[in-house]
Amino acid sequence: MHFNVIASGSKGNATLVIYKKTVVLIDMGIPLKRLEEGLSELNLSVSDIDGAIFTHDHADHIGGVRFISPQKEYALTNTLPGSLSHVVNLNEPFEIGDFTIIPFKVSHDAKNPCGYKLIAGEESLVYMTDTGVFIEDNLPLIYNPTYLIIESNHDIKMLLHTNRPFELKSRILSDVGHLCNEDSAIAACQIIGDKTKEIILAHLSEEANTPELALESYRKVFKHFKKNIDSYRVVCAHQWHSTLGGNQDEN
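Student: Sorry if this is basic, but what is going on with the packing of helix α6 (residues 181–191) against helix α7 (residues 211–224) here?
Tutor: The packing of two helices is summarised by the inter-axis angle and the distance between the axes. One way to put it is that α6 packs onto α7 with a least axis distance of 9 Å and a crossing angle of 45°. Judged by the inter-axis angle, α6 sits oblique to α7. For α6 against α7, the interelement crossing comes out right-handed. Residues Asn181, Glu182, Ser184, Ala185, Ile186, Ala188 and Cys189 of α6 lie in contact with α7, whose contacting residues are Leu213, Ala214, Ser217, Tyr218, Val221 and Phe222. Looking at side-chain class alone, the contact of α6 with α7 contains nine nonpolar, three polar and one charged residues.

Below, the structure is given as structure tokens:
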């Protein structure tokens, strides 16, 4: 399994996950040109996408849905405009090619938000962004993935010192907002196991975070919980350029 986090942040999100000949797109909140560029990095085109799964109805995750064939769209109810070809349900597995995919609940101020676990061969990937808290009831389902893509949205002090309206700051800090760096790292410490190889920090705020702050928080939290962060590849995804991960030798 390998993947390409094409874009991650409040200005648009899209991630490709590939196993053998199956290509799954997670969210489509970017321009078509940027999607095509991300696909070309893996020698793929839009026609190679077998299915697109969507986490929630905010524009930075579904703004480019019109570029995806409705026959290839999978989402929970109320996530996409219009009727869905494939309605999926929380905690119920479904198949796209070589992947088994399971949606799980997250806590965000959207109509029906979720994260996803993707399973193929001997590996799995957990994708969890846009959640104000980590719902620990999900642990039996998502524990010990090979790859973890998890939100690390903001540094609390940096967020509070931005010029954003108080209402927006309160929303981000709420239980239906976004994970701060420390809460993300605490959640990651619970989720990872002996099979975990990579942790990708996603949805970093451009105004209220930096990759350096996010990674330093992870180092401190992992040390506190007596976990060796050097045992994993831990990197930050970006808004404006791709982040490759997984077994790229498959590509």
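Student: So what exactly am I meant to see when it comes to the sheet that holds strand β14 (residues 243–246) here?
Tutor: Pairing between sheet strands relies on hydrogen bonds along the backbone, with the strands arranged either parallel or antiparallel. A sheet is described by the order of its strands in space; here seven strands give the open sequence β6-β5-β4-β3-β2-β1-β14, paired in mixed fashion. Since the sheet does not close on itself, it has two edges, and those belong to β6 (86–87) and β14, each with one partner. Sheet contacts for helix α1 (residues 32–40): β1 (2–7), β2 (14–19) and β3 (22–26); angle to β1, the most-contacted strand, approximately 150°.

Student: Is there a simple way to think about the pairing of strand β10 (residues 123–128) in this case?
Tutor: With six of its six residues buried, β10 lies for the most part within the structure. Burial along β10 is two-sided: the residues Glu123, Leu125 and Tyr127 and Ser124, Val126 and Met128 are all buried. Hairpin connection of strand β9 (residues 114–120) to β10: two residues between the antiparallel strands, including Gly121 at a positive phi of 60°. Sheet topology places β10 next to strand β11 (residues 147–151); four bridges connect them, and they run parallel.

Student: Sorry, what's going on with the sheet that holds β9 here?
Tutor: The mixed open sheet is built from seven strands, whose spatial order is β7-β8-β9-β10-β11-β12-β13. One side of each edge strand has no neighbouring strand; the edge strands of this open sheet are β7 (94–96) and β13 (233–236). Mean inter-strand twist for the sheet, computed between neighbouring axes without regard to direction, equals 20°. Note: β11 against strand β12 (residues 198–202), five bridges, orientation parallel. Counted as the bridge partner of Ile149 is Ile200 from β12. Together, β10 and β11 form the strand contacts of α6, whose direction differs from that of β11 by roughly 155°.

Student: Would you take a moment to explain the pattern of salt bridges for this structure?
Tutor: Any two side chains of opposite charge can pair, so long as their charged atoms come close to each other. A full pass over the atoms with the stated rule returns seven salt bridges. Glu207 is the salt-bridge partner of Arg164, the closest N and O atoms lying 3.0 Å from each other. One end of the pair, Arg164, is in the loop between α4 (156–160) and α5 (166–173); the other, Glu207, is in the loop between β12 and α7, with 43 residues separating them in the sequence. What makes Arg164 buried here is its relative accessible area of 19%. Here Arg219 ties to Glu216 by a salt bridge, and the two come within 3.1 Å at their closest N and O atoms.

Student: Quick question: what am I supposed to make of the packing of aromatic side chains here?
Tutor: Aromatic rings in a pair are described by how distant their centres are and how their planes are angled relative to each other. Within this structure, the stated rule accounts for five aromatic pairs. Ring centres 6.4 Å apart and planes at 70° place the aromatic pair Tyr19 and Phe99 in the edge-to-face group. With Tyr19 in strand β2 and Phe99 in strand β8 (residues 99–105), the pair connects residues that are 80 residues apart, well separated along the chain. For Phe99, a relative accessible area of 0% corresponds to the buried category. One aromatic cluster in this structure is built from Tyr218, Phe222 and Tyr232.

Student: How should I be thinking about the side chain of His154 in this particular structure?
Tutor: Tracing the chain through its elements places His154 in the loop between β11 and α4. A relative accessible area of 1% places His154 in the buried class. Apart from the residues lying within four places of it in its own chain, the contact partners of His154 are Leu159, Ile172, Leu173, His178, Leu179, Cys180, Asn181, Ala208 and Asn209.

Criteria and thresholds
Residues numbered from 1 in each chain as written. Predicted model: local features only at pLDDT ≥ 70, side-chain atom pairs only at ≥ 80, totals over all residues. Heavy atoms only, no water. Axes fitted to C-alpha atoms, helices over the stretch in contact; angles between N-to-C directions. Helix = DSSP H or I, 4+ residues; strand = E, 2+ residues; numbered from the N terminus. Parallel < 35°, antiparallel > 145°, perpendicular 65-115°, else oblique. Left-handed = near helix turned anticlockwise from the far one by under 90°. Contact = heavy atoms within 4.5 Å. Nonpolar A, V, L, I, M, F, W, Y, C, P; charged D, E, K, R; others polar. Pairing = 2+ DSSP bridges. Buried < 20%, exposed > 50% of the residue type's maximum accessible area, 1.4 Å probe, protein only. Salt bridge = Lys/Arg side-chain N within 4 Å of Asp/Glu carboxyl O. Phe/Tyr/Trp six-rings, centres within 6.5 Å; stacked < 30°, edge-to-face > 60°.

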